[in-house]
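Inside the fold
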Amino acid sequence: MARTALSQAEVEDFRETLCETATRLFAEEGYEGVTLRALAANLGCSPMTPYRYFENKAEIFEAVRTSAFSRFADAQEQAAAGMTEPGERLRALCLAYVRFATNEPHAYRIMFELDQSQIGEEAYRGWNVMLGTVQEAVASGIIEGDPEIVAHLLWSSVHGLVALHLSGHLTLGRSLEELMDALLERELYHLNG
């Protein structure tokens, strides 16, 4: 008997479910624990079914990472929406970064811990929101410096705190929230007034 063709919506639904399962398995077992056979077992389908939707594990993780970067960029754009003052927007972007990472820690780890050689445009969309805001802040004279360097330093500071928090290494008596407040006050203090 011939297999019934799936609708585009059914294909997309299965791909999304498979990517969600891959993210969960990554959290539980690490990258090596995510195999197409393990995915099939978790999805209750034939071991060959995932191959109908993805060529291999690398393609699955590329889709997972692209989706995560897209959601991250959406969060950055939403945080910046409607804010005209660059200093307020930078603060909102940093806090949105932390919120995304703490709400979606497994996706966040996949975004930044796995090989970045195949990252696409979605990976840069969130960065461009931060960079554009820093450029505006420099152009308006509220901060000084090369916009790309300032944006990289701010991004790496937030990323470092988040990475330490998510890995359980932020254990020296200060919380992520406390340190984010101090970072924003220290780095952006001159943007308050």
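For the structure given in this document, a descriptive report is provided here. (Residues numbered from 1 in each chain as written. Predicted model: local features only at pLDDT ≥ 70, side-chain atom pairs only at ≥ 80, totals over all residues. Heavy atoms only, no water.)

Describing helix α1 (residues 8–29)
The end-to-end C-alpha distance of α1, which contains 22 residues, comes to 31 Å, matching closely the 32 Å that a straight helix rising 1.5 Å per residue would cover. When α1 is considered as a whole, its buried residues turn out to be F14, L18, C19, T21, A22, T23, L25 and F26. Next to the buried residues of α1 lie α2 (36–43), α3 (50–53), α4 (57–80) and α6 (105–113). (Helix = DSSP H or I, 4+ residues; strand = E, 2+ residues; numbered from the N terminus. Expected span 1.5 Å × (residues − 1). Buried < 20%, exposed > 50% of the residue type's maximum accessible area, 1.4 Å probe, protein only. Contact = heavy atoms within 4.5 Å.)

A closer look at the packing of aromatic side chains
The tally for this structure, following the rule as stated, stands at 10 aromatic pairs. Measuring from centroid to centroid gives 6.3 Å for W127 and W155, while their planes differ by 70 degrees, and the two rings are edge-to-face. In this pair, W127 sits in helix α7 (residues 122–139) while W155 sits in helix α8 (residues 147–166), placing the two residues 28 residues apart along the sequence. Just above the ring of Y31 sits the side chain of K57; from NZ or CZ to the centre is 3.9 Å. (Phe/Tyr/Trp six-rings, centres within 6.5 Å; stacked < 30°, edge-to-face > 60°. Lys NZ or Arg CZ within 6 Å of the ring centre and 35° of its normal.)

What about the environment of H159?
Examined against the element boundaries, H159 turns out to sit in helix α8. Once the C-alpha coordinates of H159 and Y108 are considered, the two residues, 51 residues apart in sequence, prove to be 10 Å apart. Each residue touching H159, except ones within four places of it in the same chain, is listed here: Y97, Y108 and F112.

A word on the pattern of salt bridges
Within this structure, the stated rule accounts for seven salt bridges. With a closest N to O distance of 2.6 Å, R71 and E104 form a salt bridge. Of the two residues, R71 sits in helix α4 while E104 sits in the loop between α5 (86–103) and α6, which places them 33 residues apart along the sequence. Owing to a relative accessible area of 33%, R71 belongs among the partly exposed residues under this scheme. Of the residues examined, E104 reaches a relative accessible area of 24% and is grouped as partly exposed. As a salt-bridge pair, E77 and R125 come within 2.7 Å of each other at their nearest N and O atoms. Here E77, found in helix α4, pairs with R125, found in helix α7; they are 48 residues apart in sequence, far enough to count as distant. If you follow the salt bridges from partner to partner, you end up with D74, E77 and R125 in one network. (Salt bridge = Lys/Arg side-chain N within 4 Å of Asp/Glu carboxyl O.)

Digging into α2
Each turn of an α-helix holds 3.6 residues, which means side chains three or four residues apart point in the same direction. For α2, every residue scored as buried is listed here: L36, L39 and A40. Relative to the axis of α2, the buried residues are bounded by an arc of 100 degrees and lie together on one face. The exposed residues of α2 that point more than 90 degrees off its buried face are R37 and A41. Next to the buried residues of α2 lie α1, α3 and α4. Downstream of α2 by one or two residues, G44 has phi in the positive range, about 70 degrees. (Arc of directions from axis to C-beta.)

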